[in-house]
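# Architecture at a glance
The primary structure of each chain is shown beneath.
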Amino acid sequence: MAPTPHLFRPVSFRSVTARNRITVAPMCQYSAADGLGDDWHVQHLGARAAGGAGIVFTEATHVSAIGRITPGCLGLWTAAHEALLTRLATLISRCGAVPGIQLAHAGRKASVSPPWQASAPIAPEQGGWVPLAPSPIAFADGHTVPHALTPGEIGEIAGQFAASAAMARRAGFRIIELHAAHGYLLHSFLSPVANRRSDAYGGDLAGRSRALMETIDAIRAEWPEDLPLFVRLSCTDWVDGGLTIEDTVTLARALARRGDVDLIDCSSGGVSPAQRIPSLHPGYQVPFAERVRREAGIATGAVGLIRDPHQAEEILGNGRADLVILARALLADPAWPLRAARALGVTPELPVQYSRALLS
Ligand SMILES: Cc1cc2nc3c(=O)[nH]c(=O)nc-3n(C[C@H](O)[C@H](O)[C@H](O)COP(=O)(O)O)c2cc1C
């Protein structure tokens, strides 16, 4: 018998086992009200879990109202949010996938309109709010200059992450991914482009990592030891003077040494409109996942322009990452895992209600 393709081999992190390596990336839907999702979110995540993915992440789920990117972003800061997220986690589990939640704070990229309204800044006097950041440097022209957080306020935000983690645990999520990429709050602390502080939260990489490390401490105090914690990083800022992959390897080693972070989700960019990505080719971020995995000795997820099942199989089979994380391919086609299984010659696990799809 031919060996099972890597893409369809189960994978375990702590007490959690996913049926395969296909992971639904966090994808904002910008369709919540006051952070509360609705039927849209139910069908979006339910379809992808029923489609056969191994792990299904919620979109960026924000720990406070002013930590949202847009007024339509999802949140988790009250019992009402927890109730909706309980429904989502239950549905994802019922479909046979592992429910994961991405916890996030938008930082200085907060208070903008959704992409289909050009992600335009919404000023406080237009119903927006003043965003928060390590330093008072606006993300781009036209954005509100953010409030520079005091050490006490940084601690309060870590407490908000912890409170959301406790609610995520009660809701039934089995993986937390901490969003420290794409220019949002924790990435803005990591990057010298956005962090010009001279106190303990700035300066060298260790100082710039402090907010991230303290947030992980706070989450871990609420998140059970037998459940995994992933961290999404921007492995390079794609900007002169910004974070480099070498910095990321150093940071990933520090995260690996902690022993309480299980995987680095290796993304890139987002901290500055001045970024220049030399080439957007299939798998263009995979070398980051490969290098972090090899040099920091921690599991990684590869993400970015992964569309083809054989491409995904190559990434996993050659030990370049432990998970493949897909956004747009799964947005276009919730049944991507079924097509991938056919392309690789295996039968995927689907909910019993959909088993006749295997014969089609
Ligand atoms: C509609 C949409 C929403 C997204 N929302 C998020 C998000 O909530 N959190 C996040 O970390 N990345 C988000 N991303 C980025 C994706 O997770 C992913 O990193 C990126 O799209 C590259 O993967 P892809 O080439 O498979 O689409 C989003 C991407 C898309 C297309």
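As the structure is a prediction and not an experimental result, all values here were calculated from the model.

## Examining the pairing of strand E10 (residues 229-234)
Taking burial as the measure, the six residues of E10 include six buried ones, the bulk of the element. Residues Leu229, Val231 and Leu233 point to one face of E10 and Phe230, Arg232 and Ser234 to the other, with burial holding for every one of them. Of the pairings in the sheet, the one linking strand E9 (residues 175-180) to E10 comprises five bridges and is parallel in character. Within the sheet, the bridge partner assigned to Glu177 lies in E10 and is Phe230. In the sheet, E10 pairs with strand E11 (residues 263-267) via five bridges, with the strands oriented parallel. Bridged to Leu233 within E11 is Cys266. Note on the crossover from E10 through helix H6 (residues 245-258) to E11: the handedness is right-handed.

## Observations regarding the site of the ligand
Inspection of the region around the ligand gives 15 residues, with Cys28, Gln102, Arg232, Leu305 and Arg328 positioned closest. Between Arg232 and the ligand, the recorded distance is 2.8 Å, taken from a side-chain N or O atom to an oxygen atom. Alone, the ligand offers 610 Å² of accessible surface; in the complex the protein occludes 83% of this. Tallied by class, the residues present in the shell around the ligand amount to nine nonpolar, four polar and two charged.

## Some remarks on helix H8 (residues 309-317)
In an α-helix there are 3.6 residues to a turn, and that puts residues three or four apart on one side. For H8, the complete set of buried residues consists of Pro309, Gln311, Ala312, Glu313, Ile315 and Leu316. The backbone nitrogen of His310 has a side-chain oxygen 3.0 Å away, supplied by the residue at the start of H8, namely Asp308. In the segment just after H8, Gly319 is the residue with positive phi, at about 65 degrees.

## Regarding the pattern of salt bridges
The tally for this structure, following the rule as stated, stands at 17 salt bridges. Residues Asp199 and Arg197 are paired through a salt bridge, measuring 2.7 Å at the closest nitrogen-oxygen approach. Among the residues examined, Arg197 registers a relative accessible area of 11% and is labelled buried. Note that Asp333 is salt-bridged to Arg339, the shortest N-O span being 2.5 Å. Each member of the salt-bridge network shares a partner with another, and the members are Glu246, Arg291, Arg294 and Glu295.

## Some remarks on the nonpolar core
Counting 101 residues, the largest nonpolar core has Leu7, Leu212 and Ile264 as the members making the most contacts within it. Residue contributions to this core peak at seven residues, all from helix H3 (residues 151-171). Excluding residues within four positions of it along the chain, Leu212 makes contact with Leu178, Ala180, Leu186, Leu190, Val231, Leu233, Leu251 and Leu255.

## Section: the packing of aromatic side chains
This model, assessed by the stated rule, comprises four aromatic pairs. A centroid spacing of 5.1 Å and a plane angle of 75 degrees characterise the contact between Phe13 and Phe230, whose relative ring orientation is edge-to-face. Linking Phe13 in strand E1 (residues 11-13) with Phe230 in strand E10, this pair joins segments that are 217 residues apart in sequence. Through a chain of ring-to-ring contacts, the aromatic side chains of Phe13, Phe57 and Phe230 assemble into a single cluster. One residue, Lys109, lies across the ring of Tyr184, its end atom 4.9 Å from the ring centre.

## Digging into the environment of Gly107
By secondary structure assignment, the location of Gly107 is in the loop between strand E6 (98-104) and strand E7 (132-133). Separated by 43 residues in the primary sequence, Gly107 and Thr150 have C-alpha atoms spaced 14 Å apart. Excluding its chain neighbours within four sequence positions, the residues that come into contact with Gly107 are Pro131, Leu132 and Leu185.

## Comments concerning the environment of Val56
By secondary structure assignment, the location of Val56 is in strand E4 (residues 55-62). Of the residues examined, Val56 reaches a relative accessible area of 0% and is grouped as buried. Each C-alpha atom of the pair Val56 and Pro99 lies 5.4 Å from the other, and the pair is 43 residues apart in sequence. In this view, Val56 contacts Val24, Leu45, Arg48, Ala49, Ile92, Ala97, Val98, Pro99 and Gly100; residues no more than four positions away in its chain are not counted.

## Some remarks on the state of the cysteines
One pass over the structure, following the stated rule, counts zero disulfides. Unpaired in this structure, Cys235 has its nearest cysteine sulfur neighbour in Cys266, at a distance of 3.9 Å. On the basis of relative accessible area, Cys235 is assigned to the buried category, the value being 0%.

Rules used in this analysis
- Counting of residues starts from 1 at the beginning of each chain's written sequence and follows it residue by residue.
- Thresholds applied to this predicted model are a pLDDT of at least 70 for local features of residues and 80 or more for the giving and counting of side-chain atom pairs; totals over whole chains, interfaces and linings are not thresholded and use all residues.
- Side-chain metrics in this entry use all non-hydrogen atoms of the structure; hydrogen atoms and water are not considered.
- Buried means the residue's accessible area, taken with a 1.4 Å probe over protein chains only, is under 20% of the maximum for its type, while exposed means over 50%, and partly exposed covers the values in between.
- Under the DSSP-based scheme used, a helix requires at least four consecutive residues in state H or I and a strand at least two consecutive residues in state E, with every element numbered from the N terminus.
- Whether two strands pair comes down to DSSP finding at least two bridges between them.
- When the strands point away from the viewer, a crossover counts as right-handed if the route from the first strand across the helix to the second turns clockwise.
- Nearness is defined per residue: one heavy atom within 4 Å of the molecule or strand is enough.
- Polar contact is defined as a pair of N or O atoms within 3.5 Å, subject to the rule that within protein one atom must be able to donate a hydrogen and the other to accept it, and that residues adjacent in sequence are counted only when both atoms are side-chain atoms.
- Note that accessible areas follow from Shrake-Rupley with a 1.4 Å probe, and for residues the cover is restricted to the protein chains shown.
- Under the convention adopted here, Pro, Cys and the residues Ala, Val, Leu, Ile, Met, Phe, Trp and Tyr are nonpolar, Asp, Glu, Lys and Arg are charged, and Gly plus all remaining residues are polar.
- The salt bridge definition used is simple: a Lys or Arg side-chain nitrogen within 4 Å of an Asp or Glu carboxyl oxygen.
- Here, nonpolar core refers to any group of buried Ala, Val, Leu, Ile, Met, Phe, Trp, Tyr and Cys residues whose side-chain atoms link them within 4.5 Å.
- The contact criterion used throughout is that any non-hydrogen atoms of two residues lie within 4.5 Å.
- Note on aromatic contacts: the rings of Phe and Tyr and the six-membered ring of Trp form a pair at centre separations within 6.5 Å, being stacked when their planes are under 30 degrees apart, edge-to-face when over 60 apart, and tilted otherwise.
- A ring is scored as having a charge over it whenever the NZ atom of a lysine or the CZ atom of an arginine sits within 6 Å of its centre and within 35 degrees of its normal.
- Disulfide: a pair of cysteine sulfur atoms within 2.5 Å of each other.

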